[in-house]
Amino acid sequence: MIRIVIADDHPLLREGLRRILEFEEGIEVVEEVGDGQGAINIARIMTFDILLMDLNMPGVNGLEASRVIRRERPEIGILVLTVDDSDDKVFQVLQLGVAGYLLKDVDSKTLIQSIRKVFNGESILSPAVTHKLLEQFTHSIPTKNTCGLSEREMEILKYLVRGSSNREIGTALFISEKTVKNHLSSIYRKLAVDDRTQAALKAVKLKFVQLD
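Residues numbered from 1 in each chain as written. Predicted model: local features only at pLDDT ≥ 70, side-chain atom pairs only at ≥ 80, totals over all residues. Heavy atoms only, no water.

Chemist: Which parts of the structure should I look at to understand the side chain of Thr82?
Modeler: Relative to the helices and strands, Thr82 resides in strand S4 (residues 77-82). Given the relative accessible area of 0%, Thr82 is considered buried. Beyond its immediate sequence surroundings of up to four residues, Thr82 is in contact with Asp54, Leu55, Asn56, Tyr101, Leu102, Leu103 and Lys104. (Helix = DSSP H or I, 4+ residues; strand = E, 2+ residues; numbered from the N terminus. Buried < 20%, exposed > 50% of the residue type's maximum accessible area, 1.4 Å probe, protein only. Contact = heavy atoms within 4.5 Å.)

Chemist: Help me understand the UniProt feature "modified residue: 4-aspartylphosphate" (unreviewed entry) in the chain in this model?
Modeler: As annotated in UniProt, the feature "modified residue: 4-aspartylphosphate" (unreviewed entry) corresponds to Asp54 in the numbering used here. Excluding residues that lie within four positions of it along the chain, Asp54 makes contacts with Ala7, Asp8, Asp9, Gly62, Leu81, Thr82 and Lys104. (UniProt positions renumbered as here; feature names shortened; annotations may be inferred.)

Chemist: Can you walk me through the environment of Thr197 in this structure?
Modeler: Checked against the element boundaries, Thr197 lands in helix H10 (residues 196-205). The class for Thr197 is buried, based on a relative accessible area of 4%. Thr197 sits 102 residues away from Gln95 along the chain, and the two C-alpha atoms are 8.2 Å apart. Excluding anything up to four places from it in sequence, Thr197 contacts Leu94, Val98, Ala99 and Ser123.

Chemist: Can you walk me through the sheet that holds S4 in this structure?
Modeler: Adjacent strands of a sheet form backbone hydrogen bonds with each other and so pair up, either parallel or antiparallel. Taken together, the 6 strands give an open sheet; going across it, the order is S2-S1-S3-S4-S5-S6, and neighbouring strands pair in parallel fashion. Strand pairing shows two members of the sheet lacking a second neighbour, strand S2 (27-33) and strand S6 (124-125), which therefore form its edges. Relative to S4, strand S3 (residues 50-53) is paired through 4 bridges, and the arrangement is parallel. Paired with Leu51 across the strands is Ile78, a residue of S4. (Pairing = 2+ DSSP bridges.)

Chemist: For this particular structure, what's the right way to read the environment of Lys104?
Modeler: With respect to the helices and strands, the residue Lys104 is situated in the loop between strand S5 (100-103) and helix H5 (108-119). Classification of Lys104 as partly exposed rests on a relative accessible area of 24%. Measuring from C-alpha to C-alpha, the distance between Lys104 and Leu81 comes to 5.8 Å, with 23 residues separating the pair along the chain.

Chemist: Just checking my understanding: could you explain the side chain of Asp54 for this structure?
Modeler: By secondary structure assignment, the location of Asp54 is in the loop between S3 and helix H3 (62-72). Of the polar contacts made by the side chain of Asp54, one reaches the side chain of Thr82; its length is 3.4 Å. (Polar contact = N/O pair within 3.5 Å; in protein donor to acceptor, adjacent residues only side chain to side chain.)

Chemist: What am I meant to see in the pattern of salt bridges here?
Modeler: Any two side chains of opposite charge can pair if their charged atoms end up close together. Taken as a whole, this structure holds 13 salt bridges when the rule is applied. With a closest N to O distance of 2.4 Å, Glu32 and Arg18 form a salt bridge. One end of the pair, Glu32, is in strand S2; the other, Arg18, is in helix H1 (residues 11-22), with 14 residues separating them in the sequence. Relative accessible area serves as the criterion here: at 25%, Glu32 is assigned to the partly exposed category. (Salt bridge = Lys/Arg side-chain N within 4 Å of Asp/Glu carboxyl O.)

So this is what it looks like as structure tokens:
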């Protein structure tokens, strides 16, 4: 069972999300809160898996709340669901190591798929957010330093930035999921990052990966 908390200051949106999620087998909405402080408070007293987090909320906003929750409860997957796609906000949030960043115009099928992927340890970026990241680093200075990454690890990074799962990467490269996980551990160590999102960010920033 995937246990979810919804953090959004619009009651109607929370109700809509709850209705969508309640129809899905294996997903349970255990709590709703209307601001970032509420999300922090719930994270301190309740066990759950995924936090659907809006960014623009009164009082403690989603960015500040995500920072606290990532520090105190890093096992909780934070999936940002917002209308805010400003460059600075996208970059700030992803640097915290959240599990995903989706815009509120996402369809319900993609939202459900994203929740399940985050629960399985994958990272999610909407296409619009990926485009923002590429624009953010358009003027980055290219580097010849590959951080010691092997050719295979560079291949895996390309799939990582595109949002591919471990299974999809393994299938594309004809290697097992376990081998993919081993390569990812090595990539994280060499790039000095903690997770898939941070690795993807750094790969784009250093221009290891160029998306078409």
